[in-house]
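Spelled out, the chains give:
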Amino acid sequence: MKIGIDKIGFYAPHFFVDMEKLAETRGVDPAKYTIGIGQEKMAVAPITQDAVTLAANAALRIIDEEDLAKIDLVIFGTESGIDNSKSGAVYVHDLLGIQEHARCIELKQACYGATAGIQLAKGHVALNPESRVLVLGSDISRYGIGTAGEVTQGAGAVAMVISAEPRILALENESSYLTADVMDFWRPIYSETAFVDGKYSNEQYISFFVNVWEDFKVKYGATLADFEAICFHLPYTKMGIKALREVLDEGSEADRERLLAHYQTSTVYNKIVGNIYTGSLYLSLLSLLELSDDLKAGDKIGLFSYGSGAVGEFFAATLQDGFKEALAAAEHGKMFAERKEVTVKEYEDIFSHVLPVDGSSIELDVDADPATICIEGMDYNKRIYL
Ligand code: CAA
């Protein structure tokens, strides 16, 4: 029985800031941001978008009436959720109109949440082959204005339908995972912004990748030659290549060329969106699948997921017949083209303009946001969605 990704959609808020202009304002050589970090544009979420609305807008792109009737599990991976009690999945379930006999939960393990969701969804579909599972990875990444992490912020969501007989990617049972208690990146519940030990987080990311790849090779007798491409969690697009380079010399010249070329394709969307935490690996996968012209059914893709704190996983998936037709490249291209650039000052104002935390009511200008689903306001500590 094949189980895997049947549909995948992406949504980014309609604002972005240009990284060269951000660098100039911060007194940094723009090449540090565009080459050293590898980011060109950073998605900026207006006050009318949060992790819930981004996820719902991403899901709207892919689900149809049959999905609404058949989805019986919604898994919401996020590390910028809106409530410490109620899951974002319950809001999305309602906003989309999914049938009521469904389980809805939120999963947290930093950027690993959506991968955990996919693996749990796989088990659910194995036991219930008629089921469809909606897995969401949605986040707004915030380090703070003028911090070292600022250049690695972003906002957006990926939505995936996991089912039997998937049209895009079948998840193989081959997987290696690792957990270790490390303080590389964290966000205490009282803080709106993340704390990070930047260099240490890079080292941990690489060390987790090398560890799970070694384990994967031993467990399954795998080599780099088995993979047409490897996609990485991309907090910024230079991160994945640092990890890939650690193992590239195990392969032939052809392996190196193929994996490096596909790595570049897998970073195009992430370069113009930034870090979307839980969704970043799947945005990279989307970039690879939608923009490559040499991938074919049967090709094996490796996926490396990393969630600080930390959990890492390397797993394998196989491209399915007709996968290109199941993607929405034109729609995603249109969404990117229609985004609006904001100045660095405007981005700073948007960043600082947050919803009230004192229970006061507020009405927001939803006409200023082209998204279908928005936050309309707040009333007595409740977010009102439109
Ligand atoms: N031209 C070209 N390149 C330049 C340059 C210039 N003028 N100036 C500097 N660079 C290069 C540097 O040489 C360096 O390259 P290498 O990494 O290849 O050595 C790169 O630009 C970055 O420079 P610095 O290391 O000096 O940058 P920094 O001290 O400002 O910090 C950072 C970079 C650690 C990534 C920081 O942005 C940060 O803390 N980000 C958040 C944490 C993060 O994303 N960690 C990733 C792993 S954890 C994870 O994956 C989970 C997650 O999502 C958060």
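Definitions and cut-offs
Residues numbered from 1 in each chain as written. Predicted model: local features only at pLDDT ≥ 70, side-chain atom pairs only at ≥ 80, totals over all residues. Helix = DSSP H or I, 4+ residues; strand = E, 2+ residues; numbered from the N terminus. Rg over C-alpha atoms; globule rule 2.2 N^0.38 Å. Buried ≥ 20, exposed ≤ 12 C-beta atoms within 10 Å, placed from the backbone. Contact = placed C-beta atoms within 7 Å. Axes fitted to C-alpha atoms, helices over the stretch in contact; angles between N-to-C directions. Parallel < 35°, antiparallel > 145°, perpendicular 65-115°, else oblique. Left-handed = near helix turned anticlockwise from the far one by under 90°. Nonpolar A, V, L, I, M, F, W, Y, C, P; charged D, E, K, R; others polar. pLDDT = per-residue confidence, 0-100. Near = placed C-beta within 6 Å. Domains from an automatic or database assignment. Pairing = 2+ DSSP bridges.

1. Some remarks on the overall build of the protein chain
Summing up its helical and strand segments, the protein chain has 13 helices and 17 strands in all. Against the globule reference of 21 Å for 386 residues, the protein chain gives a C-alpha radius of gyration of 20 Å, in line with a compact fold. Here the C-alpha coordinates of the protein chain stretch approximately 60 × 55 × 40 Å along the principal axes. By residue count, 48% of the 386 residues in the protein chain fall in the buried class.

2. Describing unusual backbone geometry
For the bond from Gly309 to Ala310, the omega torsion is 10°, close enough to zero to count as cis. With respect to the helices and strands, Ala310 occurs in the loop between β12 (300–307) and β13 (311–319). The phi dihedral of Ala110 falls on the positive side, at around 45°, and the residue is not glycine. Mapped onto the secondary structure, Ala110 falls in the loop between β5 (103–107) and α6 (113–127).

3. What about the environment of Glu172?
Along the chain, Glu172 turns up in strand β8 (residues 169–179). Sequence spacing of Glu172 and Ala114 is 58 residues, and the spatial spacing of their C-alpha atoms is 17 Å. With residues near it in sequence (within four places) discarded, Glu172 still touches Ala316, Ala317 and Thr318.

4. Description of the packing of helix α7 (residues 198–220) against helix α8 (residues 237–248)
What describes two packed helices is the angle between their axes and the distance between those same axes. For the pair α7 and α8, interaxial distance at closest approach is 9 Å and the crossing angle is 40°. As far as their axial angle goes, α8 and α7 are oblique. Helix-helix and strand crossings are classified by hand; for α7 and α8 the assignment is right-handed. Where α7 approaches α8, its residues Asn202, Tyr205, Ile206, Phe209, Val210 and Trp213 are matched on the opposing element by Met239, Lys242, Ala243, Glu246 and Val247. Class assignment for the residues of the contact of α7 with α8 results in eight nonpolar, one polar and two charged.

5. Details of the confidence of the model for the protein chain
Mean pLDDT over the protein chain stands at 97; residues scoring 70 or higher make up 100%. Interface predicted TM-score (ipTM) for the complex: 0.98; the corresponding pTM is 0.98.

6. Quick word on the site of the ligand
Every one of the 27 residues lining the ligand counts as a neighbour, but Ala31, Lys32, Gly36, Gly198 and Pro235 are closest to it. Counting residues per element, the ones that place at least two in the shell around the ligand are α2 (30–37) and α7. A breakdown of the residues in the shell around the ligand according to their chemical character gives 14 nonpolar, nine polar and four charged. Mapped onto the domain boundaries, the shell around the ligand takes at least three residues apiece from domain 1 (3–168 + 327–385) and domain 2 (170–320).

7. Details of the sheet that holds strand β4 (residues 71–77)
Read from one edge of the open sheet, nine strands run β5-β4-β6-β7-β1-β8-β13-β12-β11, paired in mixed fashion. Among the strands making up the open sheet, the edge pair consists of β5 and β11 (229–232). On average, each strand axis in the sheet is tilted by 25° relative to the strand beside it, whichever way the strands run. Contacting β4, β5 and β6 (132–141), helix α5 (residues 88–96) crosses the sheet at an angle of about 130° to β4.

8. Describing the domain arrangement of the protein chain
Splitting the protein chain by domain gives domain 1 (3–168 + 327–385) and domain 2 (170–320). The straight-line distance from the C-alpha centre of domain 1 to that of domain 2 is 20 Å. The partner domain 2 presents 41 residues to the 51 residues of domain 1 that form the contact. Those elements that provide at least two residues to the side of domain 1 that touches domain 2 are β1 (3–11), α2, β3 (41–44), α6, β6, β7 (154–164) and α12 (329–337). With six residues, β7 is the single largest residue contributor to the side of domain 1 that touches domain 2.

9. So, the sheet that holds strand β17 (residues 382–385)
Reading across from one edge, β15-β16-β17 is the order of the three strands in this open sheet, with antiparallel pairing throughout. A strand with exactly one partner marks an edge of an open sheet, and here the two such strands are β15 (362–363) and β17. Relative to β17, strand β16 (residues 375–379) is paired through four bridges, and the arrangement is antiparallel. Paired with Asp379 across the two strands is Lys382, which belongs to β17.

10. Considerations on the pairing of β8
Looking at chain direction, β1 and β8 are connected through two bridges and run antiparallel. Bridge pairing in β8 places Gly4 opposite Ala170. The pairing of β8 with β13 spans eight bridges and is antiparallel. Looking at β13, one finds that Tyr177 is bridged to Glu313.

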